[in-house]
Amino acid sequence: MAAPSELRMDQLPSDPLLHILSFLGFRDLIHCSYVSRRLNELSKHNPLWKLLCSKHWLLTDADRLQSGVSWYCLFKQYYNDLGRYLQYYPVLRRAWEQLKSFLQQRCPRMIASLKEGATEAELNDIEAQIGFRLPDDYRCSYRIHNGQKLVIPGLMGSMSLSNHYRSEVLLDVETAAGGFQQRKGMRRCLPLTFCFHTGLSQYMALQPAEGRRMYESFYPCPDQTARDPSVIDMFITGSCFLEWFTSYVNNVVTGEYPIIRDQIFRYVHDKSCVATTGDITVSVSTSFLPELSSVHPPHFFFTYRIRIEMSSSASPEAACQLDSRYWKITTSDGNVEEVQGPGVVGEFPVMTPGKVHEYASCTTFSTPSEYMEGHYTFHRLANKEEVFHVDIPRFHMVCPPFREPAERTLREPYAETPFPDADCEYGERGSDREDADNGDDDGDRDDADERDDDDGGNDGDDFGNLRGINMAALEGAWCPRHI
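We now turn to the structure provided with this report. Since the model is a prediction, treat every value here as computed from it, not as a measurement. Here the residue numbering is sequential within each chain, running from 1 through the sequence in written order. Thresholds applied to this predicted model are a pLDDT of at least 70 for local features of residues and 80 or more for the giving and counting of side-chain atom pairs; totals over whole chains, interfaces and linings are not thresholded and use all residues. Think of the side-chain values as coming from all heavy atoms in the structure, minus any hydrogens and water.

**Structural notes on the overall build of the protein chain**
Here is step 1: Elements are defined by DSSP. Helices are runs of H or I of four residues or more, strands are runs of E of two residues or more, and each kind is numbered from the N terminus. For the protein chain, the count of helices and strands is 14 helices and 23 strands.
Here is step 2: In the protein chain, 66% of the contacts between residues at least 6 apart in sequence involve partners at least 24 apart.
Here is step 3: Per-residue and other accessible areas were derived by the Shrake-Rupley procedure at a 1.4 Å probe size, with only the shown protein chains allowed to occlude residues. Of the accessible surface of the protein chain, which amounts to about 22,500 Å², a share of 49% is contributed by carbon and sulfur atoms. Only heavy atoms matter for contacts: two residues are in contact if any of them lie within 4.5 Å across the pair.

Right, here's the structure in full:
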């Protein structure tokens, strides 16, 4: 009986071999190229490297045609330049592309403010300047875009409320290096963002120090009860740059953060915070303002935006007007407070079929989480004697995680500073609740926005009501509850 003939690699058809090779990563594919001449030829098959270029570098046919080289050579070029960022590049590049695509029509000025990516040499120079290594996910993002120009609106979100305005610019790496902190309380911290109006910045810790964890991002919050002014509490915003940036982008492109007046507003909308009573639907989104909050003493500032909408299918006889509001407020320590007052932010909106009324207000608490719920009282325009309630859904307000510096546990116990009346205006004390409510309403009138559905809101360039806050005037003063 004749012995079976030996199966040789060069006798196998190409198609099944290429199919097998398509399941390999680029490193294994390169290793295969050293096995035999046949595998060396097959491992450079263009479609194999096209898949890998798309997977790791998000390259398209247009990119290859522009380069004028094969997919294999194009992969080598990108690997030689960006290989150290292999685990981060596709995630961050995709996030940047999604963000730019989403904002191109909605916020064109913001996109125009983005800078070209920094070079590897420039990032190395920054590390030498500050004396610390930048994390690879941060470097990778800045290879794609080196932050933005110092303009308004800022890419990293805005907030406008009465006389307070915030818009955070994503700093380029050179400006960030200029603000690198080595002072006590903020040692080894690199600013990520900056707001011209408030001076607010988010920082990233380049080394574990003073209670911070390496590479986490945070808002610094001075401890106003400490004898040492360098004691800084922290509102944590991310565990690393990758998580900080991609989670923000996801909130923007999914519509979690609304676009208002050509800017990204960092309101968070819980999809369960919607209540419909008859033809009227009420929904709520909330936001935490770290620049007006503190951990010591405990003072947590929240703003909320409410949308009241009458169904377009409602009958004309359903037209009505808002008369008053009622709130039931429950803090995390179980305290319950009930508040009622006329109108909303000084207005008494009339609701007709298809009409939308939106307004923003704010409140402060001495606990880091709480929830509010209540109802509006309306009357029919056709019959003022017909009065009815419209439910406001329960919505929770929770501040970000916060951490005390390590030095705080070594200090003597402090005496807590007593809080002023929750209803008093800036610089006022002990006002009557009803008067304070009315005064607060007038203060928030700029934030009310009434429009029809077809109107789609104001996407123009009207920034007349966006004013910088006078931080000196606010020092030691508390914002009232605007409820």
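That was the structure; now back to the text.
**Section: the packing of aromatic side chains**
Here is step 1: Between the rings of Phe, Tyr and Trp (Trp by its six-membered ring), a pair exists once the centres lie within 6.5 Å; its type follows the angle of the planes, with under 30 degrees stacked, over 60 edge-to-face, and the other angles tilted. The full count for this structure, using the stated rule, is 27 aromatic pairs.
Here is step 2: Pairing Phe26 with Phe75 gives two aromatic rings, centres 5.1 Å apart and planes at 45 degrees, and the pair type is tilted. Remark: Phe75 occurs in helix H6 (residues 71–82) and Phe26 occurs in helix H2 (residues 26–32); sequence separation between them is 49 residues.
Here is step 3: Take Phe26: its relative accessible area is 6%, and that puts it in the buried class.
Here is step 4: Only protein chains enter the accessibility calculation, which uses a 1.4 Å probe; a residue whose area is less than 20% of its type maximum is buried, one above 50% is exposed, and one in between is partly exposed. A relative accessible area of 3% means that Phe75 is categorised as buried.
Here is step 5: Ring pairs connect the aromatic residues Phe26, Trp49, Trp57, Tyr72, Phe75, Tyr78, Tyr79 and Tyr89, which therefore count as one cluster.

**Examining the sheet that holds strand S22 (residues 402–403)**
Here is step 1: If DSSP finds at least two bridges between two strands, the strands pair. Pairing is antiparallel in the open sheet, where 5 strands are placed in the order S6-S8-S9-S10-S22. The strands lining the two open edges of the sheet, one partner per strand, are strand S6 (189–191) and S22.
Here is step 2: In this structure, strand S9 (residues 217–222) lies alongside strand S10 (residues 232–238), joined through 6 bridges in antiparallel fashion. If you follow Pro220 over to S10, its bridge partner there is Met234.

**Regarding the pairing of strand S17 (residues 336–342)**
Here is step 1: Bridging between strand S16 (residues 320–331) and S17 involves 7 bridges; their strand directions are antiparallel. Within S17, the residue paired with Lys328 across the bridge is Glu338.
Here is step 2: Linkage of S16 to S17, two consecutive antiparallel strands, is achieved through a turn of 4 residues, within which Gly334 is found at a positive phi near 95 degrees.

**A closer look at helix H7 (residues 89–106)**
Here is step 1: In this scheme, a helix's expected span is set at 1.5 Å multiplied by one less than its residue total. For H7, which comprises 18 residues, the first-to-last C-alpha distance of 26 Å matches the rise-based estimate of 26 Å (1.5 Å per residue) to within 8%.
Here is step 2: Those residues of H7 not exposed but buried are Tyr89, Pro90, Leu92, Arg93, Ala95, Trp96, Leu99, Lys100, Phe102 and Leu103.

**As for the packing of helix H4 (residues 46–57) against H6**
Here is step 1: Between H4 and H6, the shortest axis-to-axis distance is 8 Å and the interhelical angle comes to 30 degrees. When the axes of H4 and H6 are compared, the pair comes out roughly parallel. The handedness of the crossing between H4 and H6 comes out as left-handed. Residues Asn46, Trp49, Lys50, Leu52, Cys53, His56 and Trp57 of H4 lie in contact with H6, whose contacting residues are Trp71, Tyr72, Leu74, Phe75, Tyr78, Tyr79 and Leu82.
Here is step 2: Broken down by class, the residue content of the contact of H4 with H6 amounts to 11 nonpolar, 2 polar and 1 charged. To get an axis, a line is fitted to the C-alpha atoms, and for a helix only the part in contact is used. The angle between two axes follows their N-to-C directions and goes from 0 to 180 degrees. Relative orientations are named as follows: roughly parallel for angles under 35 degrees, roughly antiparallel for angles over 145 degrees, roughly perpendicular for angles from 65 to 115 degrees, and oblique for any other angle. Note: crossing handedness is left-handed where the near helix turns anticlockwise from the far helix by less than a right angle, and right-handed where it turns clockwise. Three classes are used: nonpolar for Ala, Val, Leu, Ile, Met, Phe, Trp, Tyr, Cys and Pro, charged for Asp, Glu, Lys and Arg, and polar for all others, with Gly counted as polar.

**Concerning the environment of Ser315**
Here is step 1: Summarising the element assignment, Ser315 is placed in the loop between strand S15 (300–310) and S16.
Here is step 2: With 38 residues separating them along the chain, Ser315 and Pro353 place their C-alpha atoms 6.8 Å apart.

**Quick word on unusual backbone geometry**
Here is step 1: The amide bond that connects Ile152 to the next residue, Pro153, takes the cis arrangement and shows omega of 10 degrees.
Here is step 2: Along the chain, the position of Pro153 falls in the loop between strand S2 (145–148) and strand S3 (158–161).
Here is step 3: Cis geometry is adopted by the peptide bond preceding Pro297, which originates at His296 and carries an omega value of 0 degrees.
Here is step 4: Structurally, the position occupied by Pro297 is in the loop between strand S14 (280–288) and S15.
Here is step 5: Positive phi is not limited to glycine here, since Glu210 has a value of about 55 degrees.

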